[in-house]
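The residues making up each chain are set out below.
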Amino acid sequence: MPQTEKPGTEVAVRTRLRWWTELPLILLVYACYSAGRLLARGNTGTAVDHGLAILRIEKALHLNAEHPLNRLFTREAWLGVPADFWYASLHYLVTPVILVFLFRKRAEIYRRARTWLMTSTFIGLIGFTLLPTCPPRLLAAKYGFVDTMAQYSSYGWWGGEASAPRGLGGMTNQYAAMPSLHCGWALWCGVMLWRHGGNRLTKVLGVAYPVLTALVVMGTANHYFLDAVAGLFVMGVGYLLAPYVMRAADLVRVRIAPGASLVAARSDGAGSPIVSAGCQTSAGERIPSQRESRPAVAAEPDAAPTDAGDGAPAPAR
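How each quantity is defined
Residues numbered from 1 in each chain as written. Predicted model: local features only at pLDDT ≥ 70, side-chain atom pairs only at ≥ 80, totals over all residues. Heavy atoms only, no water. Axes fitted to C-alpha atoms, helices over the stretch in contact; angles between N-to-C directions. Helix = DSSP H or I, 4+ residues; strand = E, 2+ residues; numbered from the N terminus. Parallel < 35°, antiparallel > 145°, perpendicular 65-115°, else oblique. Contact = heavy atoms within 4.5 Å. Nonpolar A, V, L, I, M, F, W, Y, C, P; charged D, E, K, R; others polar. Buried < 20%, exposed > 50% of the residue type's maximum accessible area, 1.4 Å probe, protein only. Left-handed = near helix turned anticlockwise from the far one by under 90°. Phe/Tyr/Trp six-rings, centres within 6.5 Å; stacked < 30°, edge-to-face > 60°. Lys NZ or Arg CZ within 6 Å of the ring centre and 35° of its normal. Salt bridge = Lys/Arg side-chain N within 4 Å of Asp/Glu carboxyl O. pLDDT = per-residue confidence, 0-100. Expected span 1.5 Å × (residues − 1). Patch = residues over 30% accessible without salt bridge, like charges linked within 9 Å, V, L, I, M, F, W, Y side chains within 5 Å. Areas by Shrake-Rupley, 256 points an atom, 1.4 Å probe, with all protein chains shown as cover.

Caption draft 1: Expanded view of the packing of helix α4 (residues 77–105) against helix α5 (residues 107–130). Axis separation between α4 and α5 bottoms out at 7 Å; the angle between their running directions is 150 degrees. Taken together, the axes of α4 and α5 lie roughly antiparallel to each other. Counting all contacts with α4, which are made through T95, L99, L102, F103 and K105, the residues of α5 involved are A107, I109, Y110, A113, R114 and L117. By residue class, the composition of the contact of α4 with α5 is eight nonpolar, one polar and two charged.

Caption draft 2: Local environment of the environment of G127. For G127, the location among the structural elements is in helix α5. For G127, a relative accessible area of 19% translates into the label buried. Taking the C-alpha atoms as reference points, G127 and A177, 50 residues apart in sequence, are found 9.1 Å from one another. Discounting residues that sit within four places of it in the chain, G127 has contacts with P132, M178 and P179.

Caption draft 3: Layout of the packing of α4 against helix α7 (residues 181–196). Closest axis-to-axis distance for the α4/α7 pair is 10 Å, and the angle between their directions is 35 degrees. In the crossing of α4 with α7, the sense of the turn from one axis to the other is left-handed. Residues Y87, H91, V94, T95, I98, L99, F101 and L102 of α4 form the contact with α7, whose own contacting residues are H182, W185, W188, C189, M192, L193 and H196. Counted by class, the contact of α4 with α7 contains 11 nonpolar, four polar and no charged residues.

Caption draft 4: View of the packing of aromatic side chains. Counted by the stated rule, this structure contains four aromatic pairs. The interplanar angle of 80 degrees and the centroid separation of 5.2 Å between the aromatic rings of F103 and Y110 together place this pair among those described as edge-to-face. Centre to centre, the rings of Y152 and Y155 are 6.0 Å apart; their planes meet at 75 degrees, and the pair counts as edge-to-face. Of note, R112 hangs over the ring of Y239, and the distance from its end group to the ring centre comes to 4.8 Å. A cation sits over an aromatic face here: K203 above W194, 4.6 Å from the ring centre.

Caption draft 5: Molecular detail of the pattern of salt bridges. This structure, assessed with the given rule, holds three salt bridges. Between D250 and R111 there is a salt bridge; the shortest N-O distance is 2.8 Å. Placement of D250 in helix α9 (residues 225–256) and of R111 in helix α5 is noted, with a sequence separation of 139 residues between them.

Caption draft 6: Summary view of the confidence of the model for the protein chain. On average, residues of the protein chain carry a pLDDT of 76, and 63% of them reach 70 or more. The secondary structure element of the protein chain with the lowest average pLDDT is strand β1 (residues 11–13), at 39, and the one with the highest is helix α8 (residues 200–219), at 96. When the criterion is pLDDT under 50, residues 1–14 qualifies, and its contacts beyond four places in sequence or with other chains add up to 35 contacts. Predicted confidence is poor over residues 260–279, with pLDDT under 50, and the contacts of this stretch with residues over four places away or in other chains come to 38 contacts.

Caption draft 7: Local environment of α7. Its 16 residues place the ends of α7 22 Å apart at the C-alpha level, agreeing with the 22 Å of an ideal helix rising 1.5 Å per residue. Burial runs high along α7: 12 of the 16 residues are buried. Where α7 terminates, the next one or two residues include G198, which has phi positive at roughly 100 degrees.

Caption draft 8: Representation of a nonpolar patch on the surface in the model. A contiguous nonpolar surface patch, about 430 Å² in accessible area, is contributed by W194, V207, V211, L212 and L215. Among the elements that line the nonpolar patch, the one with the most residues is α8, at four residues. Here V211 shows up in helix α8.

Structural data, given as structure tokens:
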């Protein structure tokens, strides 16, 4: 008799992630991120006003850590040059490496981790659009900041305008300082390393990477302290929204591909006790029409009538 699902049983879409579908999706999100930064160019005066407002708030709260760090990185090339390399490259390298690691070794949590990262990135783009902010390095010299990437540009591939390759600085939005997705992505990497790295070294790296990234973005005068805080906040919001985003994606997938395989979330497989219309037997019980017939065997001495099957004559006493 065909089994029927118990009413109210939840169903889930059976999905299997493939690298040839994941890679274009990640590249699409990154393209949207880059295009959004480019298209969200605000008025320069407005961006400078926002930057100065953040600086005033930090000074009022005694949170102005950018000046001492920037002076240190400007004075000490052995700190400034590695910091510029860190800022210009590591978020392009570490984040994809961890994504690939999760995809290959931690497939059960990869989808949520990837959705968390992408959702937070799109929230960051909203911030770039609504709040164009001038980074410290682009403020007037009287505010006391030095653009270390311009100062040490001869050591790397970047130019004096931004962390983009030489000659391509004009293709980036240099007023996309709030929030700092450098810090946001570093936090995501740190959480993944801490929770899924598997040894003490990865846990240490999971703490060190976001902390050092926050110091680097301030020391190179690319972000304010509050930019870093906003980046962490964006990641928190993205983490909370990720389950809803995945649920919405599943609903869209079902509507687009109605023939997608559905599987009962609490199904017990072929051994399910459900027999019809929600009715079920107790453990080990068979309904009469499904009882197995067994070959007749000689009744053992003192065997009970039920041991020989229903309807068998009782042995003589």
